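Fold and contact review
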Amino acid sequence: MAAAKIKKGDQVIVLSGKDKGKTGTVTQAMPKDGKVIVGGVNVATRHRKPDQSNPQGGLEKIEAPLHVSKVAHVTADGKPTRVRFETQDGKKVRVAVKTGSKIDG
């Protein structure tokens, strides 16, 4: 299993699909499934019946997962970049391929 190149809290841009070009923050990463959930992107509407927790019922908007290959990390100027790993001071860090800048704080 490869190391996670995209993690929770990363700014990403959608590369393909109905939300192509939208940017957002990763709210949840699922490395075993190879999927991520991005805030405000890939929103699905579900019809819910009324129940104890939601007496009104109605339409519920949820963010569906995207495959990790459909998103790319965003650089400071808003362009997509791939991520590579480098060893700096004996630690493995994520580095943006386009700019060469370190991603991890």
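This write-up is about the structure you can find in this document. All values reported here derive from a predicted model rather than from experimental measurement.

**Some words on the sheet that holds strand 8 (residues 80-81)**
Spatially, the 6 strands line up as an open sheet ordered 6-3-2-1-7-8, and their pairing is antiparallel. The sheet is open, and its two borders are formed by strand 6 (66-67) and strand 8, each paired with just one other strand. Strand direction decides the pairing type here: strand 1 (residues 11-14) and strand 7 (residues 71-74), joined by 3 bridges, are antiparallel. Following the sheet pairing, Val 14 is matched in strand 7 by Val 71.

**Thoughts on the side chain of Asn 42**
Relative to the helices and strands, Asn 42 is located in the loop between strand 3 (35-38) and strand 4 (43-48). Taking the relative accessible area as the measure of exposure, Asn 42 reaches 16% and is therefore buried. At a separation of 3.2 Å, a polar atom in the side chain of Asn 42 contacts the main-chain carbonyl oxygen of Pro 65. Leaving out residues up to four positions away in the same chain, Asn 42 has contacts with Lys 18, Asp 19, Ile 62, Glu 63, Ala 64, Pro 65 and Leu 66.

**A few points about the side chain of Arg 94**
In this structure, Arg 94 sits in strand 10 (residues 91-96). Among the polar contacts made by the side chain of Arg 94, one reaches the main-chain carbonyl oxygen of Lys 5 at a distance of 2.8 Å. A polar atom in the side chain of Arg 94 sits 2.7 Å from the side chain of Asp 10. Ignoring any residue separated from it by four or fewer positions in sequence, one finds Arg 94 in contact with Ala 4, Lys 5, Ile 6, Lys 7, Asp 10, Val 83, Arg 84, Phe 85, Ser 101, Lys 102, Ile 103 and Asp 104.

**Looking at the pairing of strand 10**
Judged from the 6 bridges that link them, strand 9 (residues 83-88) and strand 10 form a sheet pairing that is antiparallel. Note on strand 10: the bridge partner recorded for Arg 84 is Val 95. Once strand 9 ends, the chain turns through 2 residues before running back antiparallel as strand 10, passing Asp 89 with a positive phi of about 55°.

**Section: the nonpolar core**
Counting 9 residues, the largest nonpolar core consists of Ile 6, Val 12, Val 14, Val 26, Val 36, Val 38, Val 41, Leu 66 and Val 71. Among residues more than four places away in sequence, those in contact with Val 38 are Val 12, Gly 24, Thr 25, Val 26, Thr 27, Glu 63, Leu 66 and Val 71.

**Observations concerning unusual backbone geometry**
Positive phi is not limited to glycine here, since Asn 42 has a value of about 60°. The backbone of Asp 89 sits at a positive phi, close to 55°, despite the residue not being glycine. For Asp 89, the position within the fold is in the loop between strand 9 and strand 10. Residue classification places Asp 89 among the exposed positions, given a relative accessible area of 85%.

Thresholds applied
- Residues numbered from 1 in each chain as written.
- Predicted model: local features only at pLDDT ≥ 70, side-chain atom pairs only at ≥ 80, totals over all residues.
- Heavy atoms only, no water.
- Pairing = 2+ DSSP bridges.
- Helix = DSSP H or I, 4+ residues; strand = E, 2+ residues; numbered from the N terminus.
- Buried < 20%, exposed > 50% of the residue type's maximum accessible area, 1.4 Å probe, protein only.
- Polar contact = N/O pair within 3.5 Å; in protein donor to acceptor, adjacent residues only side chain to side chain.
- Contact = heavy atoms within 4.5 Å.
- Core = buried A, V, L, I, M, F, W, Y, C linked by side-chain atoms within 4.5 Å.

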